[in-house]
Amino acid sequence: MKRLFRHSQSPNLSSHHGRQRPTRVSTGTRLGLLLLCSVLVVGLVITTNVVVAQSDSSLQEQEDQLIREYTLPTTPQKEPVYKPAPASPPKKSTSPRRKRTTPAPSQPAQSQPSRSAPASTEPAEPAPARRSPAPSSPAREEETAEAEPLPTGEYVLQFNRSPIVGNRFRFRGVYSEARLGFTRPRGWKIQGAKALIRFQHSPALIAKDSNLTVRINGTSVGSVPLNRQQSEVGSVLFNVPSRLIQDYNELTIVARQSNDEECSDPGDPTLWTEVLPDSELQFEYQPQPIPLNFSRYPYPFFDDLSLDTNRIAYLLPKVNDTWLTAAPRFQAALGRMAEFRPIDTEIVNDLEDVEWGQRLVVIGTPAEQPGLADLDLPFSISGNQILDGNQVPLPADVGILMMTTTLDGGVPVLVVTGNGADGVAKAAQFLVQPDSRKFGTGQAVLVDSLKPIDTPSLRNWPGYLPEKNSFTLSEIKTKENGDPFQDITVRGSAAPPILINFHALPDDQFSRGSSMTLRYSYSPQINPRTSAIEVLLDGTFIGGARLTSEDGASRKRLKVDLPPHLIKPDSQLEVAFRLNPREPGVCGKVTDQQLTGTLHADTSFNLNRQQSVQLPDLELFQDGYPFAAPQDLSRTAIVVPDSPSNTDLLTLLTVSERLGRLSKADSVNLDAYTITTLPAEVREGHHLVGIGTREQFPFPEVFDSSGFRLQDAFSRQWNQGSIQALPDNEGMIKEIMSPDNKERVLLALTAQTANGLEQVRQVIRRDPWFFQLQEDTILISSNQQDPASYDPDAYTLEFLERAPSTRRIENTGLLSKVSRFIQDNWFFLPAGIFAIALLLYGISQFYLKRLSDQKSH
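Counting starts from 1 at the beginning of each chain's written sequence and moves along it residue by residue. Restriction of local features to residues with pLDDT of at least 70 applies here, the model being predicted, together with a cutoff of 80 or more for giving and counting side-chain atom pairs; totals for whole chains, interfaces and linings are based on all residues. The basis for every side-chain value is the complete set of heavy atoms in the structure, and neither hydrogens nor water enter the calculation.

Moving on to the sheet that holds strand 9 (residues 219-225). Two strands qualify as a pair provided DSSP detects at least 2 bridges between them. Only DSSP runs of H or I reaching four residues or more are called helices, and only runs of E reaching two or more are called strands; each is numbered from the N terminus. What the 4 strands build is an open sheet, ordered 6-11-8-9; its pairing is antiparallel. One side of each edge strand has no neighbouring strand; the edge strands of this open sheet are strand 6 (175-183) and strand 9. The average undirected angle you get between the axes of adjacent strands in this sheet is 15 degrees. Looking at chain direction, strand 6 and strand 11 (residues 248-256) are connected through 9 bridges and run antiparallel. Following the sheet pairing, R179 is matched in strand 11 by T252. Note on geometry: axes are C-alpha line fits, over the in-contact stretch for helices, and angles between N-to-C directions span 0 to 180 degrees.

Attention shifts here to the packing of aromatic side chains. For this analysis, a ring pair means two rings from Phe, Tyr or Trp (six-membered ring only for Trp) whose centres lie within 6.5 Å, classed as stacked if their planes differ by under 30 degrees, edge-to-face if by over 60, and tilted for the remaining angles. Throughout the structure, instances matching the rule amount to 21 aromatic pairs. Consider the rings of Y314 and W323, whose centres lie 6.2 Å apart with planes at 80 degrees: the pair is edge-to-face. Here the two residues Y314 and W323 agree in accessibility, since each one is buried. When the ring of W461 is compared with that of Y625, the centres are 6.5 Å apart and the planes differ by 40 degrees; the resulting orientation is tilted. One end of the pair, W461, is in the loop between strand 22 (444-447) and strand 23 (470-472); the other, Y625, is in the loop between helix 7 (618-621) and strand 35 (636-640), with 164 residues separating them in the sequence. Among the aromatic residues, those joined into a ring-pair cluster are Y155, F182, W188, F283 and Y285. A cation over an aromatic ring shows up here: R170 above the ring of W272, its NZ or CZ 5.2 Å from the ring centre. Lysine and arginine charges are scored as sitting over a ring when NZ or CZ, respectively, is within 6 Å of the ring centre and within 35 degrees of the ring normal. The ring of F770 has R658 lying over it, and the distance from NZ or CZ to the ring centre is 4.3 Å. Relative accessibility thresholds used throughout: buried, under 20% of the residue-type maximum; exposed, over 50%; partly exposed, between the two (1.4 Å probe, protein chains only).

Okay, the packing of helix 4 (residues 321-338) against helix 8 (residues 646-661) next. Orientation of helix 4 relative to helix 8, taken along the N-to-C sense of each, is 45 degrees, at an axis distance of 7 Å. Judged on the interaxial angle alone, helix 8 and helix 4 are oblique. Read as a crossing pair, helix 4 and helix 8 show a hand that is right-handed. In contact with W323, L324, A327, P328, Q331, A332, G335, R336 and A338 of helix 4, helix 8 contributes L649, L652, L653, S656, E657, G660 and R661. Classes in brief: Ala, Val, Leu, Ile, Met, Phe, Trp, Tyr, Cys and Pro nonpolar; Asp, Glu, Lys and Arg charged; the others, Gly included, polar. Taken together, the residues that form the contact of helix 4 with helix 8 break down as 9 nonpolar, 4 polar and 3 charged. Should an angle fall under 35 degrees it is taken as roughly parallel, and over 145 as roughly antiparallel, whereas 65 to 115 is taken as roughly perpendicular and any remaining angle as oblique. We call a crossing left-handed when the near helix sits turned anticlockwise from the far one by less than a right angle, and right-handed when that turn is clockwise. Working rule for contacts: check all heavy atoms of both residues, and any pair within 4.5 Å makes them a contact.

Position of S634 among the secondary structure elements: in the loop between helix 7 and strand 35. Overall, the relative accessible area of 18% leaves S634 in the buried class. We call two N or O atoms a polar contact when they sit within 3.5 Å, provided that within protein one can donate a hydrogen and the other can accept it, with sequence-adjacent residues counted only if both atoms are side-chain atoms. Polar side-chain contacts of S634 include one of 2.9 Å to the side chain of D632. S634 has contacts with T455, N669 and H686, leaving out every residue within four places of it along the chain.

For the rest of this paragraph, the subject is the confidence of the model for the chain. pLDDT is a per-residue confidence score from the predictor, ranging from 0 to 100. With 81% of its residues at a pLDDT of 70 or more, the chain has an overall mean of 83. Taken together, the stretch residues 39-57 has pLDDT below 50 and engages in 0 contacts with residues farther than four places along the chain or on a different chain. A low-confidence stretch, residues 59-67 stays under pLDDT 50, and its non-local contacts, those more than four residues away or across chains, total 4 contacts.

Structure (structure tokens):
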């Protein structure tokens, strides 16, 4: 303190005889100053402590508000582990319950789909191949290093499961290649792989100059000469190193063909080879035990790399508004994640009914789901209440998510629960919001609050054209990964066309004047006489130009008119560079890899469109309209009977999944009700989907509307005719304008019997049938006793003509409305012209008579 005092007084020191000396201070003054400094220091410390205390108090209050002062249970010593089986499941345990001590299942027989009969699940379309997939992380093996190894199994993937192959896979010309994509399911450790190629070829091929080569992810695994006689079927088995198999894979088959020792004509029809559709990939793999953790969600409940259908089972509770809200939203979120991948959904009444290979989802409070008490969960349950670590019931508005297993680890279980309806809804909402579920981890998650997601605008549809009428190519998303388009370069004389998803919004109506300004460039050494750029819309040529410069062009422009009648919600633009070298090829061999064409991202579009759509129209439902507007499904409600059957609930989940596949948003706000709990404001302000058989259908007004109608005693009426059918197992899909709001739509999914309603569900579920919907009424029938779900001919759809009671929903100006009225009612035009002519004639006669009277006076 003394040093501080002296240092602080140094500016006031005086000099004497050239030397500075401290001023003498009395003892009382010193004591006073020391006391003053002490007071200041103490005050500073107190102030600092108060600020820190206030800051800590504020932070503590925020933490208390966040965690609500409940205590978590002790961390479980061992995480639940999902053990996927490679083969048929073992016999069900009689007690798939808490604290099971049953040992792991013994090694079952190997699973290999039969060649003579189709697999029990729908053939899944192979995932899109990536040219350079990144190798899988070694963390996969580290996560399961301590788990008990499971027995190996076999899996056969036939080529005909890909829609690219179908019934034929033909190679033509001197050089031809084709690619197939396939995935490696998560949890697989490949022990060995083989490619069985069955083929036949033209007898005109020269064996020494013709061969077939197979590549996996760019690495050749073998070749075979094309030397069979008289188109005999050949078969060759290639070993595939397991290290080549990654999450995303590409199998390439290259055919080199020659029928002349000197020169083969590439266009010769005798240059052909076919790979038969029963060719297959054979895998030997060991499934890896996976500790359940929300950081891996949605796996294992949904695997986007799976080669089979993902199977989801819901444990049926006492049906209530809580389940009707949470389950459809969860299923819609699964549909969004699945995209084109199939999902098989079932409802089970008890834990004992769960089958091996299914993923179980339990939604509801402990009172609604008594089976929760039988599962091994991190939170204890007592008196239908979930307790925290201090054995105190958790608040009713806190969502609780937990993962566990049943059937000795063979079936993963996802629990979406809470001590009240608000908690269950909050837990489900956490899973359907991508931004929220990203930071989930551990075996259990408590959801106290969620960030509210704003409802997107009615015309904000990701994957479709932008809302504004003038935009560039960079504002359109690519189909593969949803990224904006960048400059795209293609190479060679056989360069594939550049594909652009040009999806119009379902309520767009285009008129003349829409155009596209194409900006492109190309390399030198092209043949200007035979090289060109072409633009096609859905395969129809709409514009093009010659590539006129031999030295190439760095920047060119081409304006192309877009025909209004060709632009649809599923339209696709193709920009094709037809590049031919200046020097012709010799014997089919062309040097063309130096030829390039580039489509630039600043290519612009100018559209002339307006909002106008005529409803009802089931063809619009193929794109989700109007139920997916807005894309978070917040203006759609699904209504089931007061006592819904399992078929009703499965149809509810199927419709929710379909709406999820047809929409993209940051949240799902789909609502579902029974007819007695349907609020009046929802009935009037939402698009409605009614589900149920005719006797229990929630909206009987549908059967009194115009067009086809189902009546009592299995009777049906149409066009003033009435019949009775026994039995009537047909299903019906019908769309009408809502009786409570002429701006909204009511979709009826109904039938006379439960079998008929199941047929409706299958049509909504399966793409080959769903994307045939049209008109406003569809009758669905089947001539098979137990139709296979993957058979494209299993069901017959009969489309009835649209009823005259349609309504046009539009957001246009007065001039557009007048123009539309004249177009729709053109037959009034001659009568209108005649009436106007008579009116003008009468006015002119009156005026002439008046003039003559004035002159006479």
